[in-house]
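The residues making up each chain are set out below.
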Amino acid sequence: MPTLRTLSLVGAGLIFGLWLGIADAREGRQLVGTVTHVRDGDTIVVNGVPVRLNGLHAPELREPGGPAARAWMIEHTRGEQVVCQLNGDRTHDRWVGVCRNQDGDLAAQLIAAGLGRDCPRWSGGRYGRLEKPVAAAMTLPAYCLRR
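All of the points below concern the structure found in this document. (Residues numbered from 1 in each chain as written. Predicted model: local features only at pLDDT ≥ 70, side-chain atom pairs only at ≥ 80, totals over all residues. Heavy atoms only, no water.)

### Observations concerning the environment of A71
Right, so step 1: Checked against the element boundaries, A71 lands in helix α2 (residues 66-77).
Right, so step 2: Counting along the chain gives 32 residues from A71 to R39, while the straight-line C-alpha distance between them is 10.0 Å. (Helix = DSSP H or I, 4+ residues; strand = E, 2+ residues; numbered from the N terminus.)

### Considerations on unusual backbone geometry
Right, so step 1: Here the phi dihedral of N47 falls at roughly 50°; this positive angle occurs in a residue that is not glycine.
Right, so step 2: Within the secondary structure, N47 is located in the loop between β2 (43-46) and β3 (49-53).
Right, so step 3: Under the relative-accessibility criterion, N47 is labelled partly exposed at 37%.
Right, so step 4: One non-glycine residue with positive phi stands out, namely H92, at about 55°.
Right, so step 5: Tracing the chain through its elements places H92 in the loop between β5 (81-91) and β6 (94-101). (Buried < 20%, exposed > 50% of the residue type's maximum accessible area, 1.4 Å probe, protein only.)

### Points about the state of the cysteines
Right, so step 1: If you walk through the whole model with that rule in mind, you get 2 disulfides.
Right, so step 2: Two residues share a disulfide in this structure: C84 and C99, whose sulfurs sit 2.1 Å from each other. Torsion about the S-S bond of the C84 and C99 cystine: about 110°, corresponding to right-handed handedness. You can see C84 sitting in strand β5 and its partner C99 sitting in strand β6, a full 15 residues away along the chain. Side by side, C84 and C99 carry an identical accessibility label, which is buried.
Right, so step 3: Covalent S-S linkage joins C119 and C144, the inter-sulfur distance amounting to 2.0 Å. The S-S bond linking C119 to C144 shows a torsion near -105°; that makes this disulfide left-handed. Here C119 is found in the loop between β8 (117-118) and α4 (120-123), whereas its partner C144 is found in the segment after α4, with 25 residues between them in sequence. (Disulfide = S-S within 2.5 Å.)

### Topic: the pattern of salt bridges
Right, so step 1: Counting across every chain of the model gives 3 salt bridges.
Right, so step 2: For D93, the salt bridge identified is with R39, shortest N-O distance 2.7 Å. With D93 in the loop between β5 and β6 and R39 in strand β1 (residues 30-40), this pair connects stretches of sequence that are 54 residues apart.
Right, so step 3: The exposure class assigned to D93 is partly exposed, which follows from its relative accessible area of 37%.
Right, so step 4: According to the relative accessible area criterion, R39 is partly exposed, its value standing at 30%. (Salt bridge = Lys/Arg side-chain N within 4 Å of Asp/Glu carboxyl O.)

### A look at the environment of P50
Right, so step 1: Residue placement: P50 occurs in strand β3.
Right, so step 2: On the basis of relative accessibility, which here comes to 12%, the residue P50 falls in the buried class.
Right, so step 3: Considered as a pair, P50 and V38 are 12 residues apart in the sequence and their alpha carbons are 9.0 Å apart.
Right, so step 4: Not counting chain neighbours up to four residues away, the residues in contact with P50 comprise R39, I44, V45, D93, R94 and W95. (Contact = heavy atoms within 4.5 Å.)

### Looking at the side chain of R94
Right, so step 1: Looking at the secondary structure, you find R94 in strand β6.
Right, so step 2: It is D42 that comes nearest to the buried, bridge-free R94 among opposite-charge side chains, at 4.2 Å.
Right, so step 3: Within the structure, R94 has its side chain in polar contact with the side chain of T43 (distance 2.8 Å).
Right, so step 4: With sequence-adjacent residues up to four places away left out, R94 is seen in contact with R39, D42, T43, P50, V51, R52 and D89. (Lys, Arg positive; Asp, Glu negative; His and termini not counted. Polar contact = N/O pair within 3.5 Å; in protein donor to acceptor, adjacent residues only side chain to side chain.)

Okay, structure coming up:
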C-alpha cells in the first residue's frame, strides 16, 4: 500500500507536469511559451517541451540542407514567443503540433523559404502549394507518403 509520502511525491510530480504543459496534451491543447532550443528544422523546444512541427519534412542535420534549415529556424524562433496547437500525438520524446510565431505558421514559413517540404501524410497537403522547386531535391521519407 502506498505511503502518504509516496502519494505526495506522485501528486507533486503531476502538478509539475501540468505546470510544464505536457501532462495533458490532448488534441486542442495549446502550449504558449518561448523557444529555448532548436534541435533541427522540424523540432523546437518551447519552455523545455520538445515539439515536432506537424506536416513538415526538414532534412536531418547530417543531410544536405539540414544545417541551413536549423539555422533558419534558430534565426526565426529562438527566444521568441510561440503558440503551439498540439494534436495529442507523440513521436519519440516530442509532442506534435502546429506552432506559430508573430509571422505565422513556422512549418509554412520554412517550406516557403525552400528549406523543407510538405509531409502530406501528416499535413493533409496543406503546405504543398508553398514548396519551392529547389526543395524537390529533398527526398521525402516513407513516413510522409500517404498510405
